[in-house]
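Examining the three-dimensional arrangement
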Amino acid sequence: IERTLSIIKPDATRRNLTGKINAKFEDAGLRIVAQKRIHLSPAQAGQFYVVHKDRPFYGELVEFMASEPVVVQVLEGENAIAKNREVMGATNPAQADAGTIRKDFALSVGENSVHGSDAPETAKEEIAFFFSGLELVG
Ligand code: GTP
Ligand code: MG
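Residues numbered from 1 in each chain as written. Chains lettered and ligands numbered in written order. Predicted model: local features only at pLDDT ≥ 70, side-chain atom pairs only at ≥ 80, totals over all residues. Heavy atoms only, no water.

**A few points about the UniProt feature "domain: Nucleoside diphosphate kinase-like" (unreviewed entry) in the chain**
- Using the residue numbers shown here, the UniProt feature "domain: Nucleoside diphosphate kinase-like" (unreviewed entry) corresponds to residues 1-138.
- This span, residues 1-138, is 40% helix and 19% strand, and a straight line between its end C-alpha atoms measures 11 Å. (UniProt positions renumbered as here; feature names shortened; annotations may be inferred. Helix = DSSP H or I, 4+ residues; strand = E, 2+ residues; numbered from the N terminus.)

This is the structure:
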C-alpha cells in the first residue's frame, strides 16, 4: 500500500470543485487518509515548489499557489502515486485524457486544479512538508 500527496489548487477551491475532484479519487479506489484546507504564504509555496525555481513559470506558479486556499491531502491505495497521476491527467489540460480531473476542470497548464507527487521519494518529502505522523489516519 502506497501514499501520495495531493493538492487541490486555488483555481479549483475557488470554483467549489473540491467534492467533485475528491469523488474522482475515491471512485478510483484512493482513500483520503489526511486532509486540510490551508492558505499558503508565498514563502511556503516557493519552498514547496523549490525544485522548479529555475523554470520560467516559477514566479507565476508561486503567486498562483498562494493566491487563495488549497486543500492538501494524503491519498492511500495500491500504486497510489501512479494512480493519482492517472486520475489527474496530463499537466496541460489540452493533452489530458477524457474523464481525468484536468480534462474536466483545469483552466490552463498553470491553473490545472491539482498537484500530485511524482515518485516515492518526493511523495515522502511532500507528505512530511504538510503533515505530522499523528495526522495520518488510515
Ligand atoms: P504537479 O503535480 O503540480 O507537480 O504537476 P506536473 O507534475 O504535472 O507538472 P510539473 O511538475 O512539470 O509542473 C508543476 C506545476 O507547474 C504544474 O502543475 C503547473 O501548475 C505549473 N506549470 C508547469 N508548466 C507550466 C507552464 O508552462 N506555465 C505555467 N504558468 N505553469 C506551468
Ligand atoms: Mg510535478
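Once you've had a look at it, read on.
**A word on the site of ligand 1**
- Around ligand 1 lies a shell of 16 residues, among which K9, T91, G110, N112 and G116 are the nearest.
- Measuring from an oxygen atom of ligand 1, one finds a backbone N or O atom of G110 at 2.9 Å.
- Between an oxygen atom of ligand 1 and a main-chain N or O atom of G116, the distance comes to 2.9 Å.
- The protein chains hide 81% of the 600 Å² of surface that ligand 1 would expose on its own.
- Here ligand 1 is seated within the largest pocket.
- Of all the elements, strand β4 (residues 114-116) adds the most residues to the shell around ligand 1, at three residues. (Near = heavy atom within 4 Å. Polar contact = N/O pair within 3.5 Å; in protein donor to acceptor, adjacent residues only side chain to side chain. Areas by Shrake-Rupley, 256 points an atom, 1.4 Å probe, with all protein chains shown as cover. 1 Å grid on protein atoms, 1.4 Å probe; cavity = no way out; pocket = protein on both sides within 12 Å on 5 of 7 lines; lining within 4 Å. Sits in = over half its atoms within 2 Å of the grid points.)

**Some details on the side chain of T100**
- For T100, the location among the structural elements is in the loop between α5 (80-88) and α6 (101-105).
- Polar contacts involving the side chain of T100 include one to the main-chain carbonyl oxygen of D97, which spans 2.7 Å.
- If we skip the residues at most four places from it in the chain, T100 touches K24, E86, V87, M88 and G89. (Contact = heavy atoms within 4.5 Å.)

**Let's talk about the UniProt feature "binding site: ATP" (unreviewed entry) in the chain**
- When the UniProt feature table is mapped onto this chain, "binding site: ATP" (unreviewed entry) is found at K9, F57, R85, T91, R102 and N112. Of the residues annotated just before, the largest pocket has K9, F57, R85, T91, R102 and N112 among its lining.
- For R102, the location among the structural elements is in helix α6.
- In contact with N112, not counting residues within four places along its chain, are K9, D11, T91, R102 and A106.
- A polar side-chain atom of N112 sits 3.2 Å from the main-chain carbonyl oxygen of T91.

**Details of the side chain of D11**
- Mapped onto the elements of the fold, D11 is located in helix α1 (residues 10-14).
- Here the side chain of D11 touches R15 through a polar contact of 2.7 Å, side chain to side chain.
- Contact partners of D11, with chain neighbours within four places excluded, come to F64, F105, L107, E111, N112 and S113.

**Remarks on the environment of S113**
- With respect to the element layout, S113 can be found in the loop between α6 and β4.
- Linking S113 and V70, residues 43 residues apart in sequence, is a C-alpha distance of 9.7 Å.
- Discounting chain neighbours no more than four positions away, the residues touching S113 are I7, I8, K9, D11, A12, R15, I21, I101, F105 and A106.
- Here D11 takes part through its side chain, which lies 2.8 Å from a polar atom of the side chain of S113.

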